[in-house]
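Chains, contacts and geometry: an overview
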Amino acid sequence: MDPMTATGGVVVGYDGSDFAMQALDWAMDEAELRGTPLTVCHAWRSPYGEADEEARKSLHHAAEHVLWHGAECARQCTSGVRVREDLFEGPAAERLVELSRGADLVVVGSRGLGGLARTLTGSVAGHVAGHAACPVIVVRGAGSLPHPEHPGPIVAAVSGDDGDVLAFAYREAELRCLPLLAVHAWRYPVGAWSSGMAPMVMSDVPGKEAVELLERAVEPWRGRYPDVETRLQCVEGPVREVLLGAAASATLLVLGAAKSSTVNHAPCPVAVVRS
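Residues numbered from 1 in each chain as written. Predicted model: local features only at pLDDT ≥ 70, side-chain atom pairs only at ≥ 80, totals over all residues. Heavy atoms only, no water.

Moving on, we come to the overall build of the protein chain. Of the regular secondary structure elements, the protein chain holds 7 helices and 10 strands. The contacts of the protein chain with a sequence gap of at least 6 include a subset with a gap of at least 24, amounting to 73%. (Helix = DSSP H or I, 4+ residues; strand = E, 2+ residues; numbered from the N terminus. Contact = heavy atoms within 4.5 Å.)

Now the structure itself:
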């Protein structure tokens with residue numbers, strides 16, 4: 001498939017692993033909720049470098065079967081979703097980034113068949129999240145299935161100018177009929193504990209400013225998504241710890257690219273939204 005013809009829709013990386021099945025489950029949900037096509041992408045290459053023609057044909061045939069399995073699962077498990085197949089000989093991360101230029105969303109598993117011994121950083125998921133031209137969801141935890149009886153909120157990390165993050169998070173909350181939890185982590189200013197400062201000043205002023213920042217950030221989106229229940233959480237502490245705490249019961253954690261390192265430790269699927 002020419003990436004320039006894959007306009008719009010959801011792209012999912014699929015290699016047949018359990019992690020890829022979790023990503024496929026999530027991608028199918030996204031395609032159905034958005035009413036867009038779903039492109040199932042499988043990339044393959046010889047693990048032995050140059051291979052003879054017979055070996056290459058065998059590898060190509062195996063790759064076709066893996067892709068067929070993923071695409072057929074999507075066709076059987078969705079309703080009204082046009083499923084497209086993309087078979088690519090070469091690095092998976094390279095192809096997914098290429099396809100992202102014409103996609104609304106890319107979905108990947110946190111690890112694949114070749115990444116069991118690696119952390120996310122430097123893996124296919126990490127590379128795609130860091131370089132894609134559209135939002136990327138890295139499916140961690142239980143993924144979208146089984147559907148919990150009481151799903152958690154969509155959690156959005158807010159640090160100030162987070163219009164793209166909030167736009168994506170509010171749309172996900174609306175599509176999934178879930179509340180949105182906007183989270184802002186703040187710290188006491190350097191020197192706040194000096195002997196000349198009163199305890200009331202140290203505890204009230206920085207916290208009040210943080211709350212006001214959070215309220216200003218979400219206010220425009222509340223008006224655009226009146227049916228989405230908005231909750232605010234302003235917490236003093238390190239950004240990563242605060243976000244991971246909020247994500248403990250979340251359906252999805254939505255981050256800007258600057259916070260993408262948090263993906264490595266998140267207990268739930270994570271959306272990385274680049275400006």
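Now that the structure is up, let's keep going.
Further remarks concern unusual backbone geometry. Residue Cys177 is not a glycine yet carries a positive backbone phi of 55 degrees. Mapping Cys177 onto the fold places it in the loop between helix 5 (163–176) and strand 7 (180–186).

Position of Val10 among the secondary structure elements: in strand 1 (residues 10–13). Distance from Val10 to Ala27, taken between C-alpha atoms, is 6.7 Å for residues 17 residues apart in sequence. In this structure Val10 touches Ala27, Glu30, Ala31, Arg34, Thr36, Pro37, Leu38, Thr39, Leu105 and Val107, once residues within four positions along its chain are discounted.

Bringing the confidence of the model for the protein chain into the picture now. When pLDDT is averaged across the protein chain, the result is 86; 84% of the residues are at 70 or more. Highest mean pLDDT in the protein chain belongs to strand 1 (98); lowest belongs to helix 6 (residues 199–224) (80). Throughout residues 115–122 the model reports pLDDT below 50, and contacts reaching past four residues in sequence, or to other chains, amount to 10 contacts. (pLDDT = per-residue confidence, 0-100.)

Within the element layout of this structure, Ala132 appears in the loop between helix 4 (124–131) and strand 5 (136–139). Among the residues examined, Ala132 registers a relative accessible area of 3% and is labelled buried. Separated by 35 residues in sequence, Ala132 and Val97 place their C-alpha atoms 4.8 Å apart. Among residues more than four places away in sequence, those in contact with Ala132 are Val97, Ser100 and Arg274. (Buried < 20%, exposed > 50% of the residue type's maximum accessible area, 1.4 Å probe, protein only.)

On to the packing of aromatic side chains. Here the distance between the centres and the angle between the planes together describe a pair of aromatic rings. Under the counting rule described, the total for this entry stands at 2 aromatic pairs. On the basis of an interplanar angle of 25 degrees and a centroid distance of 5.5 Å, the ring pair of Tyr170 and Tyr225 is categorised as stacked. Placement of the pair is Tyr170 in helix 5 and Tyr225 in the loop between helix 6 and strand 8 (230–236), with a sequence separation of 55 residues. For Tyr170, a relative accessible area of 0% puts it in the buried group. Centre to centre, the rings of Trp186 and Tyr188 are 5.1 Å apart; their planes meet at 75 degrees, and the pair counts as edge-to-face. (Phe/Tyr/Trp six-rings, centres within 6.5 Å; stacked < 30°, edge-to-face > 60°.)

As a further point, take the packing of helix 1 (residues 18–34) against helix 5. Look at helix 1 against helix 5: their axes get within 10 Å of each other, and the N-to-C directions meet at 85 degrees. One finds that helix 1 runs roughly perpendicular with respect to helix 5. Seen from helix 1, the contacting residues are Trp26, Asp29, Glu30, Leu33 and Arg34; seen from helix 5, they are Phe168, Arg171, Glu172, Leu175 and Arg176. Grouping the amino acids of the contact of helix 1 with helix 5 by side-chain chemistry returns 4 nonpolar, no polar and 6 charged. (Axes fitted to C-alpha atoms, helices over the stretch in contact; angles between N-to-C directions. Parallel < 35°, antiparallel > 145°, perpendicular 65-115°, else oblique. Nonpolar A, V, L, I, M, F, W, Y, C, P; charged D, E, K, R; others polar.)

Moving on to the sheet that holds strand 4 (residues 105–109). Pairing in this open sheet of 10 strands is mixed, and the strands run 3-2-1-4-5-10-9-6-7-8 from one edge to the other. What marks the edges here is a single partner per strand, and that holds for strand 3 (83–89) and strand 8. Each adjacent strand pair in this sheet contributes to an overall mean axis angle of 20 degrees, direction not counted. Bridge analysis of strand 4 against strand 5 gives 4 bridges, and the strand direction is parallel. Bridge pairing in strand 5 links Val106 to Val136. (Pairing = 2+ DSSP bridges.)

For the rest of this paragraph, the subject is the state of the cysteines. Defined simply, a disulfide is a covalent bond joining two cysteines at their sulfur atoms. Counted by the stated rule, this structure contains 0 disulfides. Not engaged in a disulfide, the cysteine Cys77 finds its nearest cysteine sulfur in Cys73; these two sulfurs lie 5.9 Å apart. Residue classification places Cys77 among the exposed positions, given a relative accessible area of 53%. (Disulfide = S-S within 2.5 Å.)

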